[in-house]
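Topology and contacts: notes
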Amino acid sequence: MNARVYFKKATPNEEIKTHNHVHEQLTYVLKGSFKFAIHEDGQVKTQIVHVGDSIYFPSNVYHGCIPMEDGSELLDSFTPARADFFEITVSILE
């Protein structure tokens, strides 16, 4: 399952909120740049990615990001498909 995610405003000084899920995730930067926080080996590591970069998150790894530029966009790919995204989409359209 793929989801295109748009960010209107940059938030480079904002705290990065992290989350996890059972889905594997591959993220590709379509536009702009992002600062990611990744929990690995008991530490929080940060990584900045730019247009054309990809970043992978295994199942249940805590991660999150903030956009570094206005108008930044990501393409997130999940496996298996995220049923929770379908619920959000339906409620937005109703």
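See the structure printed just above.
The following paragraphs examine the structure supplied in this document. If you're wondering where the values come from, they're calculated on a predicted model, not measured in any experiment.

Of the pockets and cavities examined, the largest pocket occupies roughly 260 Å³. Together, 17 residues line the largest pocket, and Phe7, His19, Gln25, Cys65 and Asp76 are the ones closest to its centre. Among the elements of the structure, strand 1 (2-7), strand 2 (24-31), strand 6 (63-67) and strand 7 (72-79) are those that each provide at least two residues to the lining of the largest pocket. For the lining of the largest pocket, a count of residues per class yields 8 nonpolar, 6 polar and 3 charged.

In this section: the pairing of strand 6. The buried count for strand 6 comes to 4 of 5 residues, which makes it a mostly enclosed element. Sheet analysis places strand 3 (residues 33-40) next to strand 6, joined by 5 bridges and oriented antiparallel. Its bridge partner being in strand 6, Phe34 is matched across the sheet by Pro67.

Enumeration according to the criterion identifies 3 aromatic pairs in this entry. Here Phe34 and Phe36 contribute two aromatic rings whose centre-to-centre distance is 6.4 Å and whose plane-to-plane angle is 50°, an arrangement assigned as tilted. Note on Phe34: relative accessible area 0%, which makes it buried. Residue class for Phe36 comes out buried when judged on its relative accessible area of 2%. When the centroid spacing of 5.6 Å and the interplanar angle of 35° are considered together, the rings of Phe36 and Phe57 count as tilted. Here the residue Phe36 occupies a position in strand 3, and Phe57 occupies one in strand 5 (residues 54-57), the gap between them amounting to 21 residues. Considered together, Phe36 and Phe57 belong to a single accessibility category, that of buried residues. Every member of this aromatic cluster is reached through a ring pair, and the members are Phe7, Phe34, Phe36 and Phe57. A cation over an aromatic ring shows up here: Arg82 above the ring of Phe78, its NZ or CZ 5.0 Å from the ring centre.

Among the nonpolar cores identified, the biggest contains 9 residues, and these are Val29, Phe34, Phe36, Ile38, Val49, Ile55, Phe57, Val61 and Leu74. Mapped onto this core, the elements with two or more residues apiece are strand 3 and strand 5. In terms of residue count, strand 3 provides more of this core than any other element does, 3 residues in total.

Rules of the game
- Residues numbered from 1 in each chain as written.
- Predicted model: local features only at pLDDT ≥ 70, side-chain atom pairs only at ≥ 80, totals over all residues.
- Heavy atoms only, no water.
- 1 Å grid on protein atoms, 1.4 Å probe; cavity = no way out; pocket = protein on both sides within 12 Å on 5 of 7 lines; lining within 4 Å.
- Points joined across faces, edges and corners; volume = space filled by probe spheres on them.
- Helix = DSSP H or I, 4+ residues; strand = E, 2+ residues; numbered from the N terminus.
- Nonpolar A, V, L, I, M, F, W, Y, C, P; charged D, E, K, R; others polar.
- Buried < 20%, exposed > 50% of the residue type's maximum accessible area, 1.4 Å probe, protein only.
- Pairing = 2+ DSSP bridges.
- Phe/Tyr/Trp six-rings, centres within 6.5 Å; stacked < 30°, edge-to-face > 60°.
- Lys NZ or Arg CZ within 6 Å of the ring centre and 35° of its normal.
- Core = buried A, V, L, I, M, F, W, Y, C linked by side-chain atoms within 4.5 Å.

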